[in-house]
Amino acid sequence: MEFAKFTGKTLDEALAAACNAKGCTKEELHYEVTEEKSGFLGIGKTIEIEAYCPKDIEDFIKSYIQTYFDNAELDGIVEIENDHGFYRITVNTKNNAIMIGKAGKSLQAFNRLVKAAVSAAFKKRIGLLIDVNGYKEERYEKICKMAVRIAKDVRRTKVDAVLDPMPADERKAIHNALAGMNDISTKSEGEGEGRRLHILYTPGKDEE
């Protein structure tokens, strides 16, 4: 992906041009100086930068997902919320069964695909989460209820439990759901797709 280029006699001038064109503040701008010409005796000095802002990331994500839909002949409307640099993406589609897949496996793979594409395009790790037709919210509610039941059993039997592998966002949802339970703590172990959440009997841990 090619970033927009802006020039000025000084860096501040080039940054101001980028901010004006993109409608963002200097703090929101990500840039790299690509060329600096000193000119003759200081006359004609110019600085060139490549720059992008959060709106560019949103536009890329929307375009990437829309292209995927077009190529797969699927329908879909994409909405994006920038949550302090973490992009929450909602996709509304009639093809939700295809997008989600069994136990959400297709959706997990699609999340990885889009995250890898946008991170490569902007040369930095960009966090995002794609939800299809509210599947994730329903999934969080279901697995959290299950985890609370298991945690109560752990507290009663004093025997730790290990859950099935699940993606990071689901582990985090369970961790938050159990954070306030007496004598219960959680930790993740394992690598990649095999990473699991452990529910541990932790005597003396008070409610938060």
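In what follows, the structure referred to is the one given above.
Residues numbered from 1 in each chain as written. Predicted model: local features only at pLDDT ≥ 70, side-chain atom pairs only at ≥ 80, totals over all residues. Heavy atoms only, no water.

This part covers the overall build of the chain. Along the chain, the regular secondary structure elements total six helices and nine strands. Relative to the globule expectation of 17 Å for 208 residues, the C-alpha radius of gyration of the chain, 23 Å, shows a markedly less compact shape. By its C-alpha atoms, the chain is 80 × 45 × 25 Å across when sized along the principal axes. The buried share of the chain, taken over its 208 residues, is 38%. For the chain, restricting intrachain contacts to residue pairs at least 6 apart in sequence, the fraction spanning at least 24 positions comes to 53%. When the accessible surface of the chain is split by element, carbon and sulfur atoms take 50% of a total near 12,500 Å². (Helix = DSSP H or I, 4+ residues; strand = E, 2+ residues; numbered from the N terminus. Rg over C-alpha atoms; globule rule 2.2 N^0.38 Å. Buried < 20%, exposed > 50% of the residue type's maximum accessible area, 1.4 Å probe, protein only. Contact = heavy atoms within 4.5 Å. Areas by Shrake-Rupley, 256 points an atom, 1.4 Å probe, with all protein chains shown as cover.)

To continue, consider the side chain of Lys136. Note on placement: Lys136 falls in helix H5 (residues 135–157). Its relative accessible area of 4% is what places Lys136 among the buried residues. If sequence neighbours within four positions are ignored, Lys136 has contacts with Leu107, Leu129, Ile130, Asp131, Pro167, Asp169 and Glu170.

Tracing the sequence through the fold places Tyr68 in helix H2 (residues 54–72). Residue classification places Tyr68 among the partly exposed residues on the basis of a relative accessible area of 33%. Note: C-alpha distance between Tyr68 and Phe110 (42 residues apart in sequence) is 10.0 Å. Aside from chain neighbours lying at most four places away, what touches Tyr68 is Leu74, Met99 and Phe110.

Here the structure, examined in full by the defined rule, presents seven aromatic pairs. Between Phe3 and Tyr52, the aromatic rings sit 5.0 Å apart at their centres with planes inclined by 25°, giving stacked as the arrangement. Taken together, the positions of Phe3 in the segment before strand E1 (4–8) and Tyr52 in strand E3 (residues 46–52) put the pair 49 residues apart, joining distant regions of the chain. Between Phe3 and Phe122, the ring centres sit 5.6 Å apart and the planes meet at 40°, which makes this aromatic pair tilted. (Phe/Tyr/Trp six-rings, centres within 6.5 Å; stacked < 30°, edge-to-face > 60°.)

Next up on the list: helix H1 (residues 11–22). The terminal C-alpha atoms of H1, which comprises twelve residues, lie 16 Å apart, in line with the 16 Å expected from a rise of 1.5 Å per residue. Three or more residues of H1 are buried, namely Ala14, Leu15, Ala18 and Cys19. Around the axis of H1, the buried residues are gathered within 135° of arc, so they sit on the same side. Facing away from the buried surface of H1 by more than 90 degrees, the exposed residues are Asn20 and Ala21. Elements that come into contact with the buried residues of H1 comprise E1, strand E2 (30–37) and E3. (Expected span 1.5 Å × (residues − 1). Arc of directions from axis to C-beta.)

Here we come to the nonpolar core. Of all hydrophobic cores here, the largest spans 27 residues; its most connected members are Ile61, Ile65, Ile89, Phe122 and Ile130. Listed by contribution, the elements that provide at least two residues to this core are H2, strand E4 (77–83), strand E5 (86–92), helix H3 (96–100), helix H4 (105–122) and strand E6 (128–132). It is H4 that contributes the most residues to this core, seven residues altogether. With residues near it in sequence (within four places) discarded, Ile89 still touches Ile61, Ile65, Val78, Glu79, Ile80, Leu128, Leu129, Ile130 and Asp131. (Core = buried A, V, L, I, M, F, W, Y, C linked by side-chain atoms within 4.5 Å.)

Remark: H2 packs on H4, axes separated minimally by 10 Å, with the N-to-C direction vectors making an angle of 135°. Looking at the two axes, H2 sits oblique to H4. Remark: the crossing between H2 and H4 carries right-handed chirality. Counted together, Asp56, Ile57, Phe60, Ile61, Tyr64, Ile65 and Tyr68 of H2 and Phe110, Leu113, Val114, Ala117, Val118, Ala121 and Phe122 of H4 form the full contact between these two elements. Looking at the contact of H2 with H4 residue by residue, the classes come out as 13 nonpolar, no polar and one charged. (Axes fitted to C-alpha atoms, helices over the stretch in contact; angles between N-to-C directions. Parallel < 35°, antiparallel > 145°, perpendicular 65-115°, else oblique. Left-handed = near helix turned anticlockwise from the far one by under 90°. Nonpolar A, V, L, I, M, F, W, Y, C, P; charged D, E, K, R; others polar.)

Helix H6 (residues 168–178) packs onto H5 with a crossing angle of 50° between their chain directions and a minimal axis gap of 9 Å. When the axes of H5 and H6 are compared, the pair comes out oblique. With respect to the hand of their crossing, H5 and H6 are arranged in right-handed fashion. Note on element contacts: H6 touches H5 through Asp169, Glu170, Ala173, Ile174, Ala177 and Leu178, opposite Lys136, Arg139, Tyr140, Ile143, Cys144, Ala147, Val148 and Ala151. For the contact of H5 with H6, a count of residues per class yields ten nonpolar, no polar and four charged.

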